[in-house]
Amino acid sequence: MKTLGSLLGRLLFTSVFLCLFPAGVFAADTVTQRYSSADTIWVLLGAALVFFMQPGFAMCETGLTRAKNAGNIVMKNVMDFALGTPAFWILGFGLMFGTDINGIIGAPDFFVTNFNVPDDAGFPSTAFLIFQTVFCATAATIVSGSMAERTKFSSYCIYSIAISLIIYPISGHWIWGDGWLAQMGFHDFAGSTAVHMVGGVCACIGAYLLGPRIGKYNEDGTVNAIPGHSLPLATLGVFILWFAWFGFNGCSTVSMTGDEAIQSAAHIFVTTNMSAAIATCTVMFLTWIRYGKPDVSMTLNGALAGLVAITAGCDLVSVPGSFIIGAIAGIVVVYSIEFIDQKLKIDDPVGAISVHGVCGALGTILTGLLAEQDGWLYSGDPHFFTVQVTGVIAVILYVAIAAGIVFKTIKSTVGLRVTAKEEISGLDFEEHGLPSAYADFMPAPEHLSPTAGITLSADAGTGSADAASFHTPPVRPATPDGHAYTLVTIITSKDRFLPLKVALEAIGITGMTVTEVHGYGIQKGHTELYRGASVASRLLPKIRLDIVVSAISPRTIIDIAKKILYTGKYGDGKIFVSSIDNVVKIRTGEEGFDALQDYPLTENGNK
């Protein structure tokens, strides 16, 4: 018993001793650690933060576009990362970081089987692979915003793979893979050009070839604003991007070993934040002066413009230099968005071309001016500045040509753009069969009371547009002023609204009330699948037009509506005709015909 107790005591003492003094302490002189824990954690943290930019982009793009395309946009942001990851692993990484071939391209390293980090690197090659993968995904996801709301999902998947597989890696090799630009001394620390400008140029080429959204531009060239559906969502996306950018720029040091690396990372955090903050303030004040009110969505673009612009030189410029870069980026992004939207007539719903393309190039060039060591304004030598300009121009030309080939090939084969009907209905429904990205905000008929269907049928129903069901309303006595007033209500699908509006204006209709409504008729909506399960009948989105006429015959409106809206299928719509006792114009106090003043057009088009 005494021996057993002594043995247990020795085991307890040994266990405590080993916990307090691990074996590694005594083996430190004999065991060599290849990698630095601090450096590896720093690189992996950066990869996680840059990956977190994906939901930031998804929220920003979704908020700045319409609700009917929200599901489509988040799906694209998920898939460009999911598709880009294997594409970059299979071929892209090797083209970018493989053994240099004449300064143009890296030797293919399929499935990254031969790559090794330099001997002085404090992290394994797998950490570097995931770090570069998320950077590649950032370049690809930029394109989705500029081509939002009218691009085929299948086409998006194809060009997203092409960007990750070939376009991004080749120019990336020039800059970060010991290619010809790197050999010249071109400096792009974290990717103003390598990532953001590449994505911005692809976005510009794609949006140009795709064409503007329906209703964006009038025949005379004037621009119609198409507001996004959720500024809070877009703002949250920008906050996430701002936060994740500290990993994008700061963790690009790929080291936290030694005082120099620590000071560099801290300096980059400060310059990154300063540029973003000043650009945001600059855009707010500039739009306040130009538009009379501080523009929210443009200010959000300003924050991103400052982040993109500082990315190239965040390690080389001083804090005052980052202040200047942010201020210039804030000014440039406003005028660039206006110029591209209004002058070039390139429809970019989220401003991606200006934010990433223009400000990416701007920040890279400004690094050549403001870098503390070699910048033209500091050294008096224009060489570094010239190299920066050369690199920007070369990458723009390459990406524009490569992206043009990819997009034109897609356009001539599977097609880039959805049909007009699909675009008007929304890509959530047409491309993915989604009832709505915000289904809980649109009640389903099954959740309504048993008597609610009666109201819906009269208010916003849809059904057969059988021509025989429309009749001229019975003649009624004129009002005391000698005129009769009729309310014609037309409910139809959204894709038929524009031609109907044009036809009604052609006969002299000077005013109408247009409302987006939801309803169902005898077809009880459509059955769709969500996660493989059937979604019960739902309220369908429709357009309701209310028109009050006196001089123009209701029969004329009915005949025009029947001609334009009739297809013989369920969902053509309905027309309701009812009598109005009086019309009052609030501004002038006029009543009756004087308040309405509708005039039919003569044969020569005059009233």
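See the structure above.
Sequence positions are assigned chain by chain, starting from 1 and proceeding in written order. For this predicted model, a pLDDT threshold of at least 70 governs which residues receive local features, and a threshold of 80 or more governs which side-chain atom pairs are given and counted, while totals over whole chains, interfaces and linings are taken from all residues. Computation of side-chain values: all heavy atoms of the structure, hydrogens and water removed.

### Overview of the overall build of the chain
Here is the rule we go by: The way it works is that DSSP assigns letters per residue, a run of H or I at least four long becomes a helix, a run of E at least two long becomes a strand, and they are numbered from the N terminus. Any residue under 20% of the maximum accessible area for its type is buried, any over 50% is exposed, and the rest in between are partly exposed; the area is computed with a 1.4 Å probe on protein chains only. The contact criterion used throughout is that any non-hydrogen atoms of two residues lie within 4.5 Å.
What the chain contains, in helices and strands, is 22 helices and eight strands. Buried residues in the chain amount to 50% of all 607 residues. Summarising the internal contacts of the chain: among those between residues at least 6 apart in sequence, 77% fall at separations of at least 24.

### So, the packing of helix α4 (residues 53–63) against helix α10 (residues 231–250)
Convention followed: Structural elements are reduced to axes, namely lines fitted to C-alpha atoms, with helices fitted over the stretch in contact, and the angle between N-to-C directions of any two is expressed from 0 to 180 degrees. Should an angle fall under 35 degrees it is called roughly parallel, over 145 degrees roughly antiparallel, and 65 to 115 degrees roughly perpendicular, with every other angle called oblique. Should the near helix be turned anticlockwise from the far one by less than a right angle, the crossing is termed left-handed; should it be turned clockwise, right-handed. Residues are grouped as follows: nonpolar covers Ala, Val, Leu, Ile, Met, Phe, Trp, Tyr, Cys and Pro; charged covers Asp, Glu, Lys and Arg; every other residue, Gly included, is treated as polar.
Running from amino to carboxyl end, α4 crosses α10 at an angle of 155°, the nearest separation of the two axes being 7 Å. In this view, α4 runs roughly antiparallel relative to α10, as classed from their interaxial angle. Relative to α10, the crossing made by α4 is left-handed. Contacts between α4 and α10 involve Met53, Gly56, Phe57, Met59, Cys60, Thr62 and Gly63 from the former and Leu231, Leu233, Ala234, Leu236, Gly237, Val238, Ile240, Leu241, Ala244, Trp245 and Phe248 from the latter. Looking at the contact of α4 with α10, its residues break down into 14 nonpolar, four polar and no charged.

### A word on the pattern of salt bridges
Going by this rule: Whenever Lys or Arg places a side-chain nitrogen within 4 Å of a carboxyl oxygen from Asp or Glu, that contact is recorded as a salt bridge.
All told, the structure shown has twelve salt bridges when counted by the stated rule. A salt bridge links Arg496 to Asp572, with the nearest nitrogen and oxygen atoms 3.9 Å apart. Of this pair, Arg496 sits in the loop between β3 (485–492) and α20 (497–506) while Asp572 sits in the loop between α21 (554–565) and β8 (574–580); the two residues are 76 residues apart in sequence, bridging distant segments of the chain. The same class applies to Arg496 as to Asp572, namely buried. With its nearest N and O atoms 3.7 Å apart, the salt bridge here joins Glu590 to Lys585. Note on Lys585: relative accessible area 23%, which makes it partly exposed. Sharing partners across several salt bridges, the network here consists of Arg66, Glu149, Arg213 and Asp347.

### Thoughts on the sheet that holds strand β4 (residues 513–519)
Put simply, the rule reads: Each pair of strands is called paired provided DSSP finds at least two bridges between the two strands.
Strand order in the open sheet formed by four strands is β4-β7-β3-β8, and the pairing between neighbours is antiparallel. In the strand order of this sheet, the two ends are held by β4 and β8, each with one partner. The average angle at which neighbouring strand axes cross in this sheet is 25°, direction not considered. Here seven bridges tie β3 to strand β7 (residues 540–549), and the two strands are oriented antiparallel to one another.

### With respect to the environment of Pro320
By the secondary structure assignment, Pro320 is in helix α13 (residues 319–343). Sequence separation between Pro320 and Ser275 is 45 residues, and the spatial gap between their C-alpha atoms is 9.3 Å.

### Thoughts on the packing of aromatic side chains
We count it as follows: Any two rings among Phe, Tyr and Trp, with Trp reduced to its six-membered ring, count as a pair given centres within 6.5 Å; such a pair is stacked if its planes are under 30 degrees apart, edge-to-face if over 60, and tilted if neither.
Scanning the entire structure with this criterion turns up 23 aromatic pairs. Arranged with centres 4.9 Å apart and planes meeting at 65°, the rings of Phe51 and Phe81 form a pair that is edge-to-face. Of this pair, Phe51 sits in helix α3 (residues 37–51) while Phe81 sits in helix α5 (residues 70–97), and the two are 30 residues apart along the sequence. On the accessibility criterion, Phe81 (19% relative accessible area) is buried.

### Quick notes on the environment of Leu307
As for its position among the elements, Leu307 is in helix α12 (residues 296–310). Look at Leu307 and you get buried, because its relative accessible area is 0%. When residues no more than four places from it in sequence are discounted, the contact partners of Leu307 are Trp242, Trp245, Thr272 and Ala276.

### Describing the side chain of Ser146
We count it as follows: Residues adjacent in sequence count toward polar contacts only when both atoms are side-chain atoms; beyond that, a polar contact is any pair of N or O atoms within 3.5 Å, and within protein one must be able to donate a hydrogen and the other to accept it.
The residue Ser146 is located in helix α6 (residues 125–146) in this model. On the basis of relative accessible area, Ser146 is assigned to the buried category, the value being 0%. A distance of 3.2 Å separates a polar atom in the side chain of Ser146 from the backbone oxygen of Ala203. Sequence-distant contacts of Ser146, that is, excluding residues within four places in its chain, are made with Ala203, Ala207, Asp347, Asp348, Pro349, Val350, Ala352 and Ile353.

### As for α4
What sets the pattern is the α-helix's 3.6 residues per turn: residues three or four places apart point alike. With nine of its eleven residues buried, α4 lies for the most part within the structure. Residues of α4 that are buried: Met53, Gln54, Gly56, Phe57, Ala58, Cys60, Glu61, Thr62 and Gly63. Along its buried surface, α4 packs onto α3, α5, α6, α10, α12 and α14 (352–370).

### A short note on the nonpolar core
Going by this rule: Residues enter a nonpolar core if they are buried and are Ala, Val, Leu, Ile, Met, Phe, Trp, Tyr or Cys, with the set joined through side-chain atoms within 4.5 Å.
Tyr159, Ile167, Tyr168 and Phe407 are the most contacted members of the largest nonpolar core, which has 104 residues in total. Per element, the largest residue contribution to this core is twelve residues, and it comes from α6. Ignoring anything within four residues of it in the chain, the contact list for Tyr168 reads Phe88, Met96, Gln132, Phe135, Cys136, Ala139, Ile163, Trp176, Ala194, Val195 and Val198. In terms of nonpolar packing, the next biggest core, distinct from the first, is built from 19 residues, Val488, Ile507, Ile509 and Leu545 among them.

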